[in-house]
Each structure stands twice: as structure tokens, then as C-alpha cells.
Amino acid sequence: MTTATVTDERIARTSTVTKLLKRPEIGALVAAIVIFVFFAATTSVFATAPGASTWLRGASTIGIMAVAVALLMIGGEFDLSAGAMTGFTGLIVGVLTTEYGLNIWAAILVSLALALLVGFINGVLVMKTGLPSFIVTLGTFFVLQGIDLAGTKALIGQVAIQGMSNVPYYDSAKKVFGSAADIGGGLVYASVFWWLAVTAIATWVLLRTRTGNWIFSVGGQQTAARQIGVPVFKTKVGLFMTTAGAGWLVGMLLLFTTSTVQSNTGVGQEFIYIICAVVGGCLMTGGYGSAIGAALGALIYGMVNQGIVYSGWDNNWLKAFLGVMLLGAVLLNEWVRKRAETAR
Amino acid sequence: MSDKKTEQATNVAAPAAAGTAVIEVKDIGKRYGNIIALSDVSTSVRAGEVTCVLGDNGAGKSTFIKILAGAHEHSDGDLLIDGQATTLSSPRAALELGIATVYQDLAVVPLMPVWRNFFLGSEITKGFGPFKKLDVDEMKRITKDELAAMGIDLRDVEQPIGTLSGGERQCVAIARAVYFGARVLILDEPTAALGVKQSGVVLKYIAKARDRGLGVVFITHNPHHAYPVGDRFMLLRRGKSMGDFPKAEMTLEELTSMMAGGAELESLAHELEKTMGADSEIAQTMKADVT
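Residues numbered from 1 in each chain as written. Chains lettered and ligands numbered in written order. Predicted model: local features only at pLDDT ≥ 70, side-chain atom pairs only at ≥ 80, totals over all residues.

Some details on the overall build of chain A
- For chain A, the count of helices and strands is 14 helices and two strands.
- Taking 344 residues into account, the globule formula puts the C-alpha radius of gyration at 20 Å, and chain A, at 21 Å, falls close to it.
- In terms of overall dimensions, chain A has C-alpha extents of about 70 × 55 × 35 Å along its principal axes.
- When each of the 344 residues of chain A is scored for burial, the buried share is 48%. (Helix = DSSP H or I, 4+ residues; strand = E, 2+ residues; numbered from the N terminus. Rg over C-alpha atoms; globule rule 2.2 N^0.38 Å. Buried ≥ 20, exposed ≤ 12 C-beta atoms within 10 Å, placed from the backbone.)

Some words on the nonpolar core
- Grouped together as the largest cluster of nonpolar side chains are 174 residues, with contacts concentrated most on Ala 66 of chain A together with Leu 185 of chain B.
- Considering each element in turn, this core owes the most residues, 16 residues, to helix H3 (residues 49-74) of chain A.
- Setting aside anything within four residues of it in sequence, one finds Ala 66 of chain A in contact with Tyr 273, Cys 276, Ala 277, Ala 294, Ala 295, Gly 297 and Ala 298 of chain A. (Core = buried A, V, L, I, M, F, W, Y, C linked by C-beta atoms within 7 Å. Contact = placed C-beta atoms within 7 Å.)

Here's the deal with the confidence of the model for chain A
- Per-chain confidence: chain A averages 88 in pLDDT, with 92% of residues scoring 70 or above.
- The low-confidence segment residues 1-6 of chain A (pLDDT under 50) makes 11 contacts with residues lying over four places distant or belonging to another chain. (pLDDT = per-residue confidence, 0-100.)

What to know about unusual backbone geometry
Residue and element names in this part refer to chain B.
- Even without a glycine there, the phi angle at Asp 40 is positive, about 55 degrees.
- Mapping Asp 40 onto the fold places it in strand S2 (residues 35-46).
- Judged by the 14 C-beta atoms lying within 10 Å of it, Asp 40 falls in the partly exposed class.
- Unlike most non-glycine residues, Asp 82 shows phi in positive territory, near 50 degrees.
- Here Asp 82 lies in the loop between strand S4 (76-81) and strand S5 (84-85).
- The exposure class assigned to Asp 82 is partly exposed, which follows from the 14 C-beta atoms found within 10 Å.

So, the packing of helix H9 (residues 210-220) of chain A against helix H11 (residues 232-258) of chain A
Residues and elements named next belong to chain A.
- Relative to each other, H9 and H11 sit at 100 degrees, their axes nearing to 10 Å. As summarised for this structure, H9 and H11 are arranged roughly perpendicular, according to the angle between their axes. Facing H9, whose interface residues are Trp 214, Ile 215 and Val 218, H11 presents Val 232, Thr 235, Lys 236 and Leu 239.
- Its residues assigned to classes, the contact of H9 with H11 comprises five nonpolar, one polar and one charged. (Axes fitted to C-alpha atoms, helices over the stretch in contact; angles between N-to-C directions. Parallel < 35°, antiparallel > 145°, perpendicular 65-115°, else oblique. Nonpolar A, V, L, I, M, F, W, Y, C, P; charged D, E, K, R; others polar.)

Structure, rendered in C-alpha cells:
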């Protein structure tokens, strides 16, 4: 945000460093650099192209969701059904193609439509009932989880999709969602490019469009936003649908990268998305945050997840690390927010 | 759409010649079923003048501004806008006629920068289709200029509006209403929650808005705030008008004593004199206040 036309002789020129320190994502950026340097120094594979390929792929799918969840959190809401949504959408495509022989692209579109419908229902329920989104989406989370587990079993008699790669036109869909490019000896998966694109678009929308202005305002002070003519209902329902749409995208990426999906895919991930968004500078109370920050939060998650494996430690340490990260980030964000509100 | 809106906003802002009545109310009243909330109120709001509406809690001030703001329709008398008898059916209808209301809670989002708050809901954009984006530089420039025209000299419009003082925030809300085409500004107790110094700041901006040719309706229960900036005073008590006076016919002392309900206070002073003795401290001060 340069202020090219607005200059004032009374402002001592703020250095780029000071400006940078005021951004919500700065904490995540510093943490990401520290963690990268740590694992690069202590393990031999972490900083190599094949090593990076693995943790980038892990970070990418989490990252897409974290960015969407960050937009929703800036808008003042939560979505606990976001994790189950990634499994739900993948299962729909899997069941429709392998069991009922539907064209793969048609199945992908049906899956998208259903995801958007669930997002729409989430949004309308939250806005019409005035209940906290935490409760409403906890409900949809359990409904989706139930459908994923029982529905799949009832329809195909199994808990995982098999034979996906034999479906006609599978290759054309894999090219879009599941292919990988060899860059410098390491494979960079399609999901990484999707992640970058989603982050870039979300950042642009947030900071440079009317919609972005509205998202900040509905999360910051809903009554004020309504009084002044911001379409609060449309903005919030749109955010829930965006999160659900991101869930669909990640569902497709997981399905076509691994060519299978399980009934419990995504369950338990919803809190990781929220943690990544918070680590990236989003306030729990809404109205403040950043899409780039959420992407960096996911990068941290991906690096630690894989770094622990490379270091030969017990994988379960990841959970303890996440908890510490979350508490640290919340404290840091509170401090940054207080500074933002009272500075000068 | 937004481009058109800004054009419109700057056009509408052209004020009427000073002294022309923009709003006139004649014997206006409001009944809710069998409850008479307001009756026989007459006053006028003129371009370039401040009309103060004074009254204690429950005097009918809020009913009166709700009629002007379009939140309630009046049930008796006439509301003339630019000489035309009108009934305002909604706040939007009032806004379209150039009547803007700044409520006590101001409708600002504390964590957002000043310029984003200023244009919230009416953002200026450039470009087409999916590449339509906010014209950030233009909006920052206008915000800075508009605030400067109101006499608020902000160092940086990028700072969150929550960092401004209560008085300054009030002024941003006023400047925003002015920029988006208000000819008449209704201010609902803008000084009620402020300290002495901040109240002074807001009074200064009320005078500034008046000097820019706007008609201002200033609602307050403090005659000391009303008198310095007011051109016309309308007093309300128990839903009835106690009269509508131009400044020339009124001194601050008269205004204060009318506000305090002069006659009532006098009888109270007598009563205290009887029960507590003529030379008790309370009775003395009371008497001094009344006379």
C-alpha cells in the first residue's frame, strides 16, 4: 500500500521496515523463515528439491483452505464443516463415476454444485437464525461426516474409492488437478500452483475490490456496515460459499493426486485451517487478517509436518507444536491489534 | 454504477442560497395509537443555519428527528421540503432528498482505515468486469481533502479510525454525510458522550458545516452547547413545543432557564425554602439558579 499521492510533511518518512511491521502477516513470515532455516540446517533432505516437493504439496491443500477460512474469519465467521467438505466432494465424484458410470467432468460439476449448496445453507442458516456460525457449521460438519461414512458404505459397500484411474477421461481431469511438473529435480504438484493462484486472488479481492472492503466491514462492525448500506447478507453467504468452493477444489486436488479418497478424509483438519489463519494474523473476533498470512501459516504447518519426519522424531510432536504456535499467534495478534488501534 | 454515484454526490452537494428554508414543519405531530408522542411542533431548517432542538430526556426529541430522518411518518401537520408537502416513508427517501442523519454510534468500523470507512458502501472503482478495482489513490485524496475542508487535518488517512478521538470520529461521519450529497444534516446528540474539549471540537465542525451552506439540525440537551452555534432554537417538553425562537429573541440565560423548566424550578425553590429554611445552602443556590 503505497501512498504515492498522499504525502504530508508532518509524517516523518516511515521506513519500509516500520511499514512492514504493521502488516498482520509479519509474525508468520518471521516464523516461516526461522523454521525453514532450522530444518534446512539440521536435516540433509529438507532443503533439497525432492524434500521441498513433499512439504510444499502438504502445505498446498491446507493452504488453499486456510486462505478461504481466513476470508471467512475476517468476515467474522467460522466454518467447522470445511474439513469434512474436502472428503465429501471427493467421495461424490468417486461414487458417481466408479459406481454409476457418470462422465467424470459431469461428476466434478455435480460435486461443485452440491458443495456450493452446502455453503449457501450454512450462510443462510447463520444469517437467518442469528446463531453463532460455530454452532451451525458444527452441525453441518457432523451431517457431512455421517454422509461420508454411512452414505459411502451404503452405496458402494466400502470406505474408500477404488478403481478411479480406470474411469474414462480420468487423465484429462488429472492433468488439471493431479499432475506434477519437474522443476530442478523435484516434483511440483498442480495443487501448489492452485495454492499460489488462490492466495493471489484472495489478496487482490481483500485489498483492492469493493467486496474486500465489505468483508472487513461485516467482520469488524456488522451493524455499522448495515447502516451504511453494505449488503451484509450477500457478503456473508458469499463467504460461506467461497469456503465450500475451496473445499471442493481441495477435494478434487486430493482425489486426482492420489487417485483415491477415503470416507474420513478431511475430518479433523478444520481446526488446522483455523490455526493457520490465526498464525497468519487473523483475529478470532473478525475484521482483521490477511490471505498471504494464512498461506504462510499453512507453509509453516507443511514444513513442520515434514521436518519432524526428516528429523526422525515422533510424528505426534506436531500436535504439541501446533498448540504452542496457536497460543503464541493469538497473543501476538492481540498485541498487534492493540497497537493498530491505539498507535499515534 | 459507483462512478455515476460519485458524480451525483458532488452535484447534489451544491447548496441552496443561504437562508432559504429547506425543511419547514408546521404543527407537526405523531401519535402511536392513542399515545400522543409529539404535537404542534413548528420550526424551519434553513440553508446555512443551525436549528437546535433542545429538550430533556423523553421530551420528544427522538420522535422529532425520526420524522425528519424518515424513520417514522408524521400523523398530524405538514412537513414541507423545498416548499413541497412531503411524507418521508424511509431513511433512504430522506437521503435522496439530501437529508442525512448522523446517529450517536456513528456507523464506523474501528479497525478499518479512515479512507475505507469514509467510502464504505459507496466505493469508487476503476476498470471493467472482473478487473474492476478500488481507486485507492483517488479515495485517499478525496478523504483527505474533504476532511481538510471540514477543518480536520489528518496526518495519515491510512490509520484505523479507532485511533481517532471521539470528536474526530464524529467529524469524519459528518464529512462523509456532506460529501455524499447531504443538504441537511441531522446530528443526534453529537456531544452527549464527549468531554468538554472534544465537544468544543464538534461544535467547531458544526459551524464549519453551516458555513459550507448546509442546514444543520442539532439535537442536544445542553443549552451551553446549543447557544454558541445555533441560529434558531426549538424547545420541546413532554411532547409539546415550548416555542421556536430565532437567536435574536433569546439570551443564553433565558434558554437555560426554559430548558430547566423555569417555573417548575421556582416552585421547587420555594418548597425547599419552606422545609429547610430560607438560609439553607441548597435553597440559596437553587434560588440563585432560578433568578
